[in-house]
Amino acid sequence: MVLPRAAKTQRRTRIQEEKEERILEAALEVFSLHGYRGATVDQIAEVAGMSKPNLLYYFRTKEAMHRALITRVLDTWLDPLREFDAAGNPVAEIRSYIRRKLEMARDFPRESRLFANEVLQGAPNIEDELKGPLKALVDEKAAVILAWAKAGKIAKCDPYHLIFSIWSTTQHYADFDVQVRAVLGQDQADDGRFEDAARFLEQLFIGGLQVRDQAS
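The name that an unreviewed UniProt entry assigns to the protein is HTH-type transcriptional regulator RutR, with the source organism given as Mycoplana ramosa.

Pasting the structure below:
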């Protein structure tokens, strides 16, 4: 991870920490709109309300800001999957995962777009994270889903494609928010759309994972 320059000093003041957060907030806004390639340090400095030299004291490069954000986003984004409990009830665990992912789509749309933009550009800055920690976590939770299926607690399914499908359907509400609100219309475009989506996705996934009676 590329650390901000100020973080390498022995003591970081409250002002330094506040400025780093201010820069990262501005960087998030710019990267989520323009992607890594389209964003510039000048744009980030303007949004942060800082001079370019002052900004570069804290983060030497655009890459440093992007990596700091991506590391934070990945950590936050994977929290719901980490909490997937092998000892829990499968239906309750899957329902909770769907709802937490939708909550994140509602509360962190810019972070979702930041991640999506990076992946659409070939993930040049996070390939190691995708092939390393992300893959390891998904492998671990895929094994949990397989164990549930083998125990007859859920229907047999491909655990990886189940996880991918939950990702894509929930993050759609962040990455394509403008389209969702436009199609739903003003009467249905308030935050209630996330509850409507949660109920539908629960029905879709949990209904599809129910073990069918094969006696007939």
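That covers the picture; the talk isn't over yet.
A. Molecular detail of the layout of surface pockets. Of the pockets and cavities examined, the largest pocket occupies roughly 500 Å³. Elements that contribute at least two residues to the lining of the largest pocket include exactly helix 4 (62–82), helix 5 (90–107), helix 6 (109–120), helix 7 (127–150) and helix 8 (159–175). Looking at the lining of the largest pocket, its residues break down into 14 nonpolar, five polar and three charged. Here the second largest pocket is characterised by a volume of approximately 170 Å³. What lines the second largest pocket is E21, L24, E25, L28, L69, R72, V73, T76, W77, F108, R110 and E111. Of all the secondary-structure elements, those providing two or more residues to the lining of the second largest pocket are helix 1 (14–38), helix 4 and helix 6. Of the residues forming the lining of the second largest pocket, the biggest block, five residues, is contributed by helix 4. When the residues that make up the lining of the second largest pocket are grouped by side-chain class, the tally is six nonpolar, one polar and five charged.

B. Representation of the UniProt feature "DNA-binding region" (unreviewed entry) in the protein within the structure. This chain's UniProt record puts "DNA-binding region" (unreviewed entry) on residues 40–59. Helix makes up 75% of residues 40–59 and strand 0%, and the two end C-alpha atoms of the span are 13 Å apart.

C. Just the pattern of salt bridges, in detail. This structure, assessed with the given rule, holds 21 salt bridges. The salt bridge involving R199 is made with D196; its shortest N-O contact spans 2.6 Å. You can see R199 and its partner D196 sitting in helix 10 (residues 192–208), three residues apart, about one turn around the helix. On the basis of relative accessibility, which here comes to 37%, the residue D196 falls in the partly exposed class.

D. Layout of unusual backbone geometry. Phi at A123 is positive, roughly 55 degrees, even though this residue is not glycine. Residue placement: A123 occurs in the loop between helix 6 and helix 7. For A123, a relative accessible area of 6% puts it in the buried group.

E. Representation of the side chain of E111. Mapped onto the elements of the fold, E111 is located in helix 6. Among residues more than four places away in sequence, those in contact with E111 are L28, V73 and W77.

What counts and how
Residues numbered from 1 in each chain as written. Predicted model: local features only at pLDDT ≥ 70, side-chain atom pairs only at ≥ 80, totals over all residues. Heavy atoms only, no water. 1 Å grid on protein atoms, 1.4 Å probe; cavity = no way out; pocket = protein on both sides within 12 Å on 5 of 7 lines; lining within 4 Å. Points joined across faces, edges and corners; volume = space filled by probe spheres on them. Helix = DSSP H or I, 4+ residues; strand = E, 2+ residues; numbered from the N terminus. Nonpolar A, V, L, I, M, F, W, Y, C, P; charged D, E, K, R; others polar. UniProt positions renumbered as here; feature names shortened; annotations may be inferred. Salt bridge = Lys/Arg side-chain N within 4 Å of Asp/Glu carboxyl O. Buried < 20%, exposed > 50% of the residue type's maximum accessible area, 1.4 Å probe, protein only. Contact = heavy atoms within 4.5 Å.

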